[in-house]
Amino acid sequence: MRKTVRTAIFPVAGMGTRFLPATKATPKELLPVIDTPLIQYAIDEAQAAGIERMVFVSHPSKSAIERHVMDDAKLRADLRARGKRDLADELQEAALCPEADDAVFTMQHEPLGLGHAVLCAREQALPGPVAVILPDDLILGKGCLGEMIEAYAASQAGHMVATMTVPREEETKKYGILSVTEARGRLLRADGMVEKPDPEAAPSREAVVGRYILGESIFESLATQEPGAGGEIQLTDAIARGAQREGLAGFRFSGTRFDCGSKAGMLQATLHLAAQDPELAPVLEEHAAMCVAPRAA
Ligand code: G1P
């Protein structure tokens, strides 16, 4: 019987430079797709996957994340006093509350890389493998982490990463890329992984997106990891080093992934959800008609 995944780590200390000036005062994890901040989608996914403890690796300048994530009893009371009961209930449902939920905030003071951020959660992680969720990879559809935990329990993989196939020329240099040794259904066996390789150096077209299940040994690998690409402690490098000893698998998830770390991805996610919303879909149709009309005239 494999050990269960009890902890999810959310690295949320990044500066969000790609979204400046929007992220000058607002953490990128609080940017909304329609009316829900990215961090909320990630928390909902972790909860649906049965995660017990959530560890947020944040930065002192990003205290708004904690204010969003945790329950705000005063705000709820104020809303109720104004007759907005439904809204108060909705907020309570989404928030984590100290009595019922196990949420921990820890700080990454220096931007030393994703690997370093995960290492910052070491003391707070419960025993056993840990999940890592990058909130700017929004995955809609069947909960990706839940699917992965199921596949992880059934496989012998030491580390498991969510993967999708990308075009070699334009995209391999944006992702961690797996060195695939065998493909079996939705599982890809791999013997390594390279961070953001040039197209000609990419070992495959299987890119890692922001969901990981990592064996406990990841913390030791990270503690001894030398800086890699961009001078940062790369999670990819530590996973690759452990791959021989631990084993490594890619998992082809079923949902639709949006790169909400980019403006284009944010817009695609917004359009995707708006098209499914009875209140917003007519706005899209109206806009599409307006765009077509001048050409038809
Ligand atoms: C990070 C990881 C990369 C992974 C990507 C997924 O890169 O370093 O290996 O493929 O997330 O979104 P970032 O996008 O933070 O530069």
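Scroll up for the structure.
Below: a short report on this structure. Please read all numbers here as calculations on a predicted model, not as lab measurements.

About the thresholds
- Residues numbered from 1 in each chain as written.
- Predicted model: local features only at pLDDT ≥ 70, side-chain atom pairs only at ≥ 80, totals over all residues.
- Heavy atoms only, no water.
- Buried < 20%, exposed > 50% of the residue type's maximum accessible area, 1.4 Å probe, protein only.
- Helix = DSSP H or I, 4+ residues; strand = E, 2+ residues; numbered from the N terminus.
- Pairing = 2+ DSSP bridges.
- Contact = heavy atoms within 4.5 Å.
- Phe/Tyr/Trp six-rings, centres within 6.5 Å; stacked < 30°, edge-to-face > 60°.

### With respect to the pairing of strand S4 (residues 53-58)
Item 1. Most of S4 sits inside the fold, with 6 of its 6 residues counted as buried.
Item 2. Alternating positions in S4 separate into two faces, Arg-53, Val-55 and Val-57 on one and Met-54, Phe-56 and Ser-58 on the other, with burial throughout.
Item 3. Bridge count between strand S1 (residues 7-11) and S4: 5 bridges; the pairing is parallel. Residue pairing in the sheet places Phe-10 in a bridge with Phe-56 of S4.
Item 4. Two elements, S4 and strand S5 (residues 102-107), share 6 bridges in a ladder whose sense is parallel. Bridge pairing links Arg-53 to Asp-102 in S5.

### Here we look at the environment of Arg-186
Item 1. Looking at where Arg-186 falls in the secondary structure, it is placed in the loop between strand S9 (176-184) and strand S10 (187-195).
Item 2. When sequence neighbours within four positions are dropped, the list of residues in contact with Arg-186 reads Glu-147, Gly-250, Phe-251, Arg-252, Phe-253 and Ser-254.

### A word on the packing of aromatic side chains
Item 1. Taken as a whole and assessed by the stated rule, the structure comprises 2 aromatic pairs.
Item 2. Both rings, one in Phe-10 and one in Phe-56, keep their centres 4.7 Å apart while their planes meet at 15 degrees; by these two values the pair is stacked. Of this pair, Phe-10 sits in strand S1 while Phe-56 sits in strand S4, and the two are 46 residues apart along the sequence. Phe-56 matches Phe-10 in its accessibility class, with the two residues each being buried.
Item 3. Consider the rings of Phe-56 and Phe-105, whose centres lie 4.7 Å apart with planes at 15 degrees: the pair is stacked. Highlighted residues: Phe-56 in strand S4 and Phe-105 in strand S5, separated in sequence by 49 residues.

Keep in mind that these numbers describe shape and distance, not what the molecule does.
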